[in-house]
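Coordinate analysis (summary)
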Amino acid sequence: MRADRQEQDSKFTRRALLMAGGGALAFTGLSARLYSLQVLEGERYRLLSEDNQFNFRLVPPSRGRILDRFGALLADNRDSFRVLIVPEQAGDVAAALDRLARFMPLSDHERDRVLRAASRGARFNAITVAEDLDWQTFSAINLNAPELAGMAPDVGEVRSYPYAAAFAHVVGYVQAPNEDDLADETREAERLLRHPGFRVGKTGVEIARERDLRGAAGALKIEVNAVGRVIRELPEQSTSPQQGHDVVMTLDADIQQYAYERLGQDSASAVVIDVNTGELIALVSAPSFDPNLFVGGISSADFAGLRNNDHRPLFQKSIQGTYPPGSTFKAVSAAAAIEHNVFRPNETVHCSGSVRLGNREFHCWRRQGHGNVDLRTALKTSCDIFFYEAAARLGIDRLHAMGQRFGIGEQFDIGISGVARGIMPNPAWKRAQRDEGWSTGDSYNTVIGQGSMLASPLQLAVMTARVASGRAIEPTLYRNAMAPPAPHIGLRDESMTRVRDALRAAAEEPGGTSFSLGGLGIDGIEMAGKTGTAQVYSITAAERESGVRTQLDLPWRLRDHGLFVCYAPADAPKYAVAVVVEHGGGSSAATHPARDILRRVVARDPSSRPGVFADLGNLPGRGV
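What you are looking at is a predicted structure, and each value in this text was computed from that prediction instead of being measured.

**Side note on the overall build of the protein chain**
Looking only at helices and strands, the protein chain features 25 helices and 19 strands. Looking at the protein chain as a whole, 48% of its 624 residues qualify as buried. For the protein chain, the share of sequence-separated contacts (at least 6 apart) that also reach a separation of at least 24 residues comes to 72%. A total of about 30,100 Å² of accessible surface is found on the protein chain, and carbon and sulfur atoms cover 50% of it.

**Looking at unusual backbone geometry**
Here the amide bond leading from Ala286 into Pro287 is cis, since omega sits at -5°, within 30 degrees of zero. Note that Pro287 resides in the loop between β12 (280-286) and α13 (292-295). In this structure, Pro569 follows Ala568 across a cis peptide bond, with omega equal to -15°. As for its placement among the helices and strands, Pro569 is situated in the loop between β18 (561-568) and β19 (575-581). Although it is not a glycine, Asn346 sits at a positive phi angle of roughly 65°.

**Details of the pattern of salt bridges**
Should the charged atoms of two oppositely charged side chains come close, the side chains can pair. What the rule picks out here adds up to 36 salt bridges. For Lys202, the salt bridge is made with Asp181, and the minimal N-O distance between the two is 2.5 Å. Here Lys202, found in the loop between β7 (200-201) and α10 (204-208), pairs with Asp181, found in helix α8 (residues 179-182); they are 21 residues apart in sequence, far enough to count as distant. One salt-bridge network, held together by shared partners, links Arg376, Lys380, Asp501, Arg504, Glu509 and Glu526.

**What to know about helix α21 (residues 440-447)**
Burial within α21 is extensive, with seven of its eight residues counted as buried. Those residues of α21 lying buried are Gly441, Asp442, Ser443, Tyr444, Asn445, Thr446 and Val447. Packing partners of the buried residues in α21 comprise α16 (330-339), β14 (354-357), β15 (360-363), α18 (384-394), α19 (396-405) and α20 (427-434).

**Some thoughts on the environment of Lys380**
Following the sequence through the fold, Lys380 ends up in helix α17 (residues 375-381). A relative accessible area of 13% places Lys380 in the buried class. Non-local contacts of Lys380, meaning those with residues more than four positions away in its chain, are made with Ala502, Ala505, Ala506, Glu509, Pro510, Gly511, Gly512 and Thr513. Among the polar contacts made by the side chain of Lys380, one reaches the main-chain carbonyl oxygen of Pro510 at a distance of 3.0 Å.

**Focus on the nonpolar core**
Core analysis: the largest hydrophobic core is formed by 131 residues, its most contacted members being Met249, Phe406, Ile414, Leu477 and Leu598. Those residues in contact with Phe406 that lie beyond four places of it in its chain are Val332, Ala335, Val462, Met463, Arg466, Val467, Ile489, Leu491 and Met496. In terms of nonpolar packing, the next biggest core, distinct from the first, is built from 19 residues, Val93, Met104, Ala130 and Phe138 among them.

**Overview of the packing of aromatic side chains**
Within this structure, the stated rule accounts for 13 aromatic pairs. Their ring planes at 65° and their centres at 5.4 Å tell us that Phe289 and Phe294 sit as a pair that is edge-to-face. Joined through ring pairs, the aromatic side chains of Tyr173, Phe289, Phe294 and Phe303 make up one cluster. Lying across the ring of Phe70, Arg69 places its NZ or CZ 5.9 Å from the centre. One Lys or Arg, Arg209, reaches over the ring of Tyr478 and ends 4.6 Å from the middle of that ring.

Cut-offs used in this document
Residues numbered from 1 in each chain as written. Predicted model: local features only at pLDDT ≥ 70, side-chain atom pairs only at ≥ 80, totals over all residues. Heavy atoms only, no water. Helix = DSSP H or I, 4+ residues; strand = E, 2+ residues; numbered from the N terminus. Buried < 20%, exposed > 50% of the residue type's maximum accessible area, 1.4 Å probe, protein only. Contact = heavy atoms within 4.5 Å. Areas by Shrake-Rupley, 256 points an atom, 1.4 Å probe, with all protein chains shown as cover. Salt bridge = Lys/Arg side-chain N within 4 Å of Asp/Glu carboxyl O. Polar contact = N/O pair within 3.5 Å; in protein donor to acceptor, adjacent residues only side chain to side chain. Core = buried A, V, L, I, M, F, W, Y, C linked by side-chain atoms within 4.5 Å. Phe/Tyr/Trp six-rings, centres within 6.5 Å; stacked < 30°, edge-to-face > 60°. Lys NZ or Arg CZ within 6 Å of the ring centre and 35° of its normal.

What follows is the structure in structure tokens.
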């Protein structure tokens, strides 16, 4: 009996020891785990806990500004009262919009846009319902916020274009990003682009310099409760957004605005360039449009009005439009003739008004002819017959090479897209494009800037600047104080001097094709220039018999384009201007606007002639 009891006590003691040991091990393990959680990993779990309590809200940056050469604002940002909707918080989005409509009008177009966005995107992403609200509407929405679940009144930024239509084509505009804009972006950049109210460049400088202008987003730390409601903001623990970089252009806002107004209602373009640096002072296309309409989303009716306008206000004529340069090209043809010595000194050619080539008659613009003319007189009076003879002696290869040297057929990189290349034709081009051989008649057309030749107003301005300076300047749209001087164009000084003298005579001497302008209109400063007419339609004999005798008798679309290129001062060139008036009926439509624009830019620069500075308020033709 005693033996059995001793055996039982022994078993109990072993079990007690095992249980005590197991308990001790469990306590030790638990203590170790608690030590690990509280001491070794305490900081990690504290941060995880804070992540449940705190969030970071993306803060979009302010877009960089676009400035003219003197600091005038061409594109800026301004505050905008707006209302956003978060579908997840609003529940039934359509019903939420109905509630909002009691405090502000909502068009069917706006409702449909919000509903489409809500159905396609994540429900936690905010959607812009309306922007640019007036203070009364914005206040009413704030006061009634408890009744507008899911609606978030907000103050954002919207792009503003102070000069509106004058700079629309070159500065461009911004709009809300689409899926194509998001395609090649990083995850972080995509988050920014999806932020309500964020805009990206769509045209002009806005898209060309998008990366510079956009900036970098910041992050605002916010404290939220269990249901995600914001309790407070913690700016001291947040990162600030980085504003986009400003972009400084070579354009002069005053000249650009004046040139745009001077072109009036014509379908036209104007380019002003510094002949020594290549800086573009003005780049104008008329008519234009208000880019501010595109920022918030242009209406279908407004866009249709722009698209259907026969003067093409959406088209950037100054860099995308191409036209036969007409007689403005004769300055280049004259340079080729002089450089290659195809005429003896003082040699003349007799102009009777026409010349026969095979079975075709080539006419001079002056049907009664010019008589005997030398090269200077031919360029001064724009005699076609003299230049036909020059073409026959030069040959197309030398003429083609000279045209390219002066920028015809060159696609200039000015920092925005859409720059046209134009056409400087030669036998290889004609064979490739039309599978036809070259003829002397083709050379006749080319030497006077007709036929297949096409040039943009930008190219005409560069051509004129290279004639004026004797340097192979490259046009530029952005300020670059470190740009090296352009190289010499490679022609003899004699060639350039003789061409410039003839161009001055065309504007300043009786008999010159632009002498009737009366010069620049600034005492002590002469100008040089060359008229041009690009034929659009040839009046038939039957039409002449029916009474259609002049350009004004034709429908607008059939009238010739008018061109004029000029520079000043003639003896020390600084600025060149090229103007093209579509269907203007001839060069006279372009001469006065070009002269007035040149006068304006010269008058604004006292260094154009030391001691001479015109009063802008007294300039004749201002505001015409």
